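Below are the chains, spelled out letter by letter.
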Number of protein chains: 2
Amino acid sequence: MADLGTRPSDSIQSDSIQPDSIPPDAKPHVVILGGGFGGLAAASQLANANVRITVIDRRNHHLFQPLLYQVATAGLSAPSIAAPLRQILRKQRNVTVLLDEALDVDCTQRRVKLANGTLDYDFLIVATGATHAYFGHDDWAAYAPGLKTMDDAFTIRRRVLLAFEHAEREDDPARRQAWLNFVIVGGGATGVELAGALAEIARHTLPREFRRCDPRQANVLLVEAGPRLLPGFDPTLSAKAQRQLERLGVQVRTGTAVTAIDDSGVMLGEQPLTARTVLWAAGVAASPLGRLLGAPVDRAGRVQVSADLSLPEHPDVFVIGDLANVMQDNGKPVPGVAPAAKQMGRHAASRIRARLNGDNRPQPFRYRDDGALATIGRMAAVAQFGRVKFAGVVAWWIWLTAHVYFLIGFRNRLVVMLDWAWAYWTYQRHARIVTGSDDAKNTHLSNDA
Amino acid sequence: MADLGTRPSDSIQSDSIQPDSIPPDAKPHVVILGGGFGGLAAASQLANANVRITVIDRRNHHLFQPLLYQVATAGLSAPSIAAPLRQILRKQRNVTVLLDEALDVDCTQRRVKLANGTLDYDFLIVATGATHAYFGHDDWAAYAPGLKTMDDAFTIRRRVLLAFEHAEREDDPARRQAWLNFVIVGGGATGVELAGALAEIARHTLPREFRRCDPRQANVLLVEAGPRLLPGFDPTLSAKAQRQLERLGVQVRTGTAVTAIDDSGVMLGEQPLTARTVLWAAGVAASPLGRLLGAPVDRAGRVQVSADLSLPEHPDVFVIGDLANVMQDNGKPVPGVAPAAKQMGRHAASRIRARLNGDNRPQPFRYRDDGALATIGRMAAVAQFGRVKFAGVVAWWIWLTAHVYFLIGFRNRLVVMLDWAWAYWTYQRHARIVTGSDDAKNTHLSNDA
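Residues numbered from 1 in each chain as written. Chains lettered and ligands numbered in written order. Predicted model: local features only at pLDDT ≥ 70, side-chain atom pairs only at ≥ 80, totals over all residues. Heavy atoms only, no water.

The name an unreviewed UniProt entry assigns to chain A is NADH:ubiquinone reductase (non-electrogenic), from the organism Dyella tabacisoli. Listed in UniProt under the heading Catalytic activity (unreviewed entry), the comment for chain A reads: "a quinone + NADH + H(+) = a quinol + NAD(+)". Database annotation for chain A, UniProt heading Sequence similarities (unreviewed entry): "Belongs to the NADH dehydrogenase family." (UniProt positions renumbered as here; feature names shortened; annotations may be inferred.)

Trainee: What is the right way to look at a nonpolar patch on the surface in this model?
Mentor: All names here are of chain A. On the surface, a nonpolar cluster with roughly 280 Å² of combined accessible area is contributed by M379, V393 and W397. Relative to the elements of secondary structure, M379 occurs in the loop between β23 (372-377) and β24 (380-385). M379 sits in the partly exposed class, given a relative accessible area of 32%. (Patch = residues over 30% accessible without salt bridge, like charges linked within 9 Å, V, L, I, M, F, W, Y side chains within 5 Å. Areas by Shrake-Rupley, 256 points an atom, 1.4 Å probe, with all protein chains shown as cover. Salt bridge = Lys/Arg side-chain N within 4 Å of Asp/Glu carboxyl O. Helix = DSSP H or I, 4+ residues; strand = E, 2+ residues; numbered from the N terminus. Buried < 20%, exposed > 50% of the residue type's maximum accessible area, 1.4 Å probe, protein only.)

Trainee: Would you mind showing me how to read the confidence of the model for chain A here?
Mentor: Should pLDDT be low for a region, the predicted coordinates there are not to be read in detail. All names here are of chain A. In the predicted model, chain A carries a mean pLDDT of 90, and 92% of its residues have values of at least 70. Confidence drops under a pLDDT of 50 for residues 1-21, and excluding neighbours within four residues, the segment shows 26 contacts in the predicted structure. This stretch, residues 439-449, has a pLDDT under 50; its non-local contacts, to residues over four places away or in other chains, come to 29 contacts. Scoring the predicted complex yields pTM 0.90 and, for the interface, ipTM 0.88. (pLDDT = per-residue confidence, 0-100. Contact = heavy atoms within 4.5 Å.)

Trainee: What's the story with the sheet that holds strand β25 (residues 388-391) of chain B in this structure? I'm lost.
Mentor: For sheets, the rule is that strands pair by backbone hydrogen bonds, running either parallel or antiparallel. Residues and elements named next belong to chain B. With antiparallel pairing, 3 strands are arranged side by side in an open sheet as β23-β24-β25. The open sheet has two edge strands with one neighbour each: β23 (372-377) and β25. The mean inter-strand angle of the sheet, taken between neighbouring strand axes irrespective of direction, is 5°. When β23 meets strand β24 (residues 380-385), the two strands line up antiparallel, connected through 5 bridges. Looking at the pairing, L373 lines up with A383 of β24. (Pairing = 2+ DSSP bridges. Axes fitted to C-alpha atoms, helices over the stretch in contact; angles between N-to-C directions.)

Trainee: Would you mind showing me how to read the environment of B:A340 here?
Mentor: All names here are of chain B. By secondary structure assignment, the location of A340 is in helix α8 (residues 338-356). Sequence spacing of A340 and A197 is 143 residues, and the spatial spacing of their C-alpha atoms is 26 Å. The residues touching A340, leaving out its near neighbours within four places in the chain, are V334, P335, F365 and Y367.

Trainee: What should I look at first to understand the interface of chain B and chain A in this one?
Mentor: How big an interface is tends to be reported as the loss of accessible area on association of its parts. Contacts between the two partners involve 54 residues from chain B and, on the opposite side, 54 residues from chain A. Carbon and sulfur atoms supply 57% of the area that chain B and chain A bury against each other, a total of about 4900 Å² over both sides. The tally of links from chain B across to chain A stands at 7 salt bridges. As a salt-bridge pair, A:R86 and B:E168 come within 4.0 Å of each other at their nearest N and O atoms. (Buried area = accessible area lost by both parts, 1.4 Å probe.)

Trainee: Please clarify how the relation of the copies chain B and chain A should be interpreted in this entry.
Mentor: These two copies of the chain differ by a rotation about an axis and a displacement along the same axis. For these two chains of identical sequence, chain B goes onto chain A by a turn of 180° and a shift of 0.0 Å along the axis, with RMSD 0.0 Å. The transformation just described matches what one would write down for a two-fold rotation axis. Here 100% of the contact residues of chain B are again contact residues in chain A; the copies associate through an equivalent surface. (Least-squares fit on C-alpha atoms with pLDDT ≥ 70 in both.)

Trainee: It is not clear to me how the environment of A:T426 should be interpreted in this structure. Could you clarify?
Mentor: Residues and elements named next belong to chain A. For T426, the location among the structural elements is in helix α10 (residues 410-426). For the pair T426 and H204, spaced 222 residues apart in sequence, the C-alpha separation works out to 9.3 Å. Within the structure, T426 has its side chain in polar contact with the backbone oxygen of W422 (distance 2.7 Å). A distance of 3.0 Å separates a polar atom in the side chain of T426 from the backbone nitrogen of Q428. (Polar contact = N/O pair within 3.5 Å; in protein donor to acceptor, adjacent residues only side chain to side chain.)

Trainee: What's the story with the pattern of salt bridges in this structure? I'm lost.
Mentor: When the charged atoms of two side chains lie near each other, side chains of opposite charge can form a pair. Inspection of the entire model under this criterion finds 35 salt bridges over all chains. A:E200 serves as the salt-bridge partner of A:R429, at 4.0 Å between the closest nitrogen and oxygen. Here A:R429 is found in the segment after α10, whereas its partner A:E200 is found in helix α6 (residues 189-205), with 229 residues between them in sequence. In this structure A:R429 comes out as buried when scored by relative accessible area, which is 10%. Two residues, B:R58 and B:E101, come together in a salt bridge whose shortest N-O distance is 3.3 Å. One end of the pair, B:R58, is in the loop between β2 (52-57) and β3 (61-63); the other, B:E101, is in the loop between β5 (95-99) and β6 (102-106), with 43 residues separating them in the sequence.

Listed below in structure tokens is the structure:
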């Protein structure tokens, strides 16, 4: 970076300097950890900047997480909602993608420790997101898988599909019903979407295909510890979402805490409930990398950043997306959603460009609320844009359109639209294949008699 | 079955008896082991027969194996070539599908031992197919995965995609080239198809996406121990297939035996070749169930059946598909291909129907050769129908049309056609996502420095 100091600090023309006119090693090195919504937005905002960029991710693909629950419930194929990071960034010549895992950051030395070596940076953007958390009950993970990665989605798909297979083989009515009881813990968007999809599978997709058990006997129970579903939405929409779910056949219990989970089921307060399939959509914890940056973190492990998203003591390190604890002007936290991560990625990238141009003024990040959407099932969704609220068919169409629009790749948009149209008319879900295996007891077919 | 003995043995009207007019337990029970091409054809041929049928498979889906190499090479999504057995058979009310694994058969007691219980049969159709075999070198399996199941395809896809990621990270030229060397062992249809697809990925799909390594430096080597590729085809087509592969950039070595495989590469006779990715397309062994039937088996474990595909000592047990050793009239063995399995399935089912009608005459199975197809790459394939032979573009169009036609499900046909058209114009392969992990050393990113 030293050689940049000679440029006039008020230049706004530095973009027009051709990157190739400076030797690559002399260009400032921006390292972006994480190829999610935030990391990709930052990389793309730096497309014409006179920097070299390295994007590090431990997975080779960007995941369109808002539709991950559809892979978990067999409605979409995995490749339709994932795109290789290299392919997305192939035309941006100042980006190198590396498949690796960041283990630690030395903010003083400006160095990232990777699983396979180290990497020096001039600017660092940490965008490694969040994973699910079990509130100190890590033993629950084996019984109640969460939904963050593609492999998580395959695990949930496998358990849900195998549960009906177990039920079909089971002669004892109580044990059969245990396989037909599904509990989803957590009434946020993911929990609501999973519950709605499971109810549709049980009521519409599977019934004609089983001979001994009746999938319509399935109970889908959505448990939320707080007073209402979708706490991020207006209370009237929470109530409408609950009514729409109940119409699909989902039982909703709000104000109910899950106190224990094992392979026989859950404890709801003091009341045991037998269920062989429990899905976790409750807790979110920030990526462990957040705690290694030397800055204070909140209870969920999110980093307390300055108003411009940088670290108070290290202005060349930015933390964005689900890993950052940022407040809105109204005092509420910025929600952990894709649009927020993208806005933060663009903000961090703009700050880096400004600094390279000698503009060191702190420019605070301001979250623009583009609205919130959650889908429940066929023709059922809720949507909220400021004071404007929708529920039902209109919200569902908005949800469909927005999700297809934001998907990456023409092929994926086309195939997802086809798959949705197909599922709408036939009630079929085309990705109903069981692959892989996991170690939890209740999914090994051979472990129960 | 006893109550069926009173019917006139020459009746050809038994189909018109409504299945529901006889109590279910009194109907003869046909058990079909395996939901592949043979098992499904048998079940469907018994659609209107007065029997109850149980189809057992340890996987929940029928796999369209001829296109499995396209999942392994990231060209197609897994659900596009797989359909849930229940969904395929849902309208056939005399069929029950059970997800289970057959462990043994007692032909005297007419009983199948499953992983979860036992099942009595009146007629048994064993259609459990084949798997890959390493000719006594089972330790090669860890280094050279074969391609039979969907999970095999994911393993190959993961290893191929990660090899280029390793190469991109590797600074040492020799070690980098080791990651860019791919060896495919076996020059049958699967080996040819894998080699052609790998060459296309390296030459056309990936180059613009890597910054440090050049995927075009990849070497794809196809090794065949016999004198020519595609031994099931006419020698002129073998030669054309080899030329088409070479034009795509594949190196072909016939008459070359692989004598050792480990994580550094292969030994070709006495000559070592460094390659971090080795794929196995050479040996096929019949399902282990074949050896448990009490009938003689050949070296590959295939069961020596009577001319009507039943066991010589147990005429109520039929063995079909890749598990059966059957000769054509010309003295050659019936090939292990989907059309042969389907024909055998229909034959076994017809024999069961005839016997139920009192017709016990042995009716020999006759294989009808519908021709053979193998694809090599873009506009390149070979096709043979009796004496009529095609190579190049015409064969490629025949291959495309036939494979789309035989795929199960309108949605899958449409999406596969779309994906092929997309791949043809863009050179992209849309399913380039790495999921899961395996234990072999060379695929763990963190295991090499």
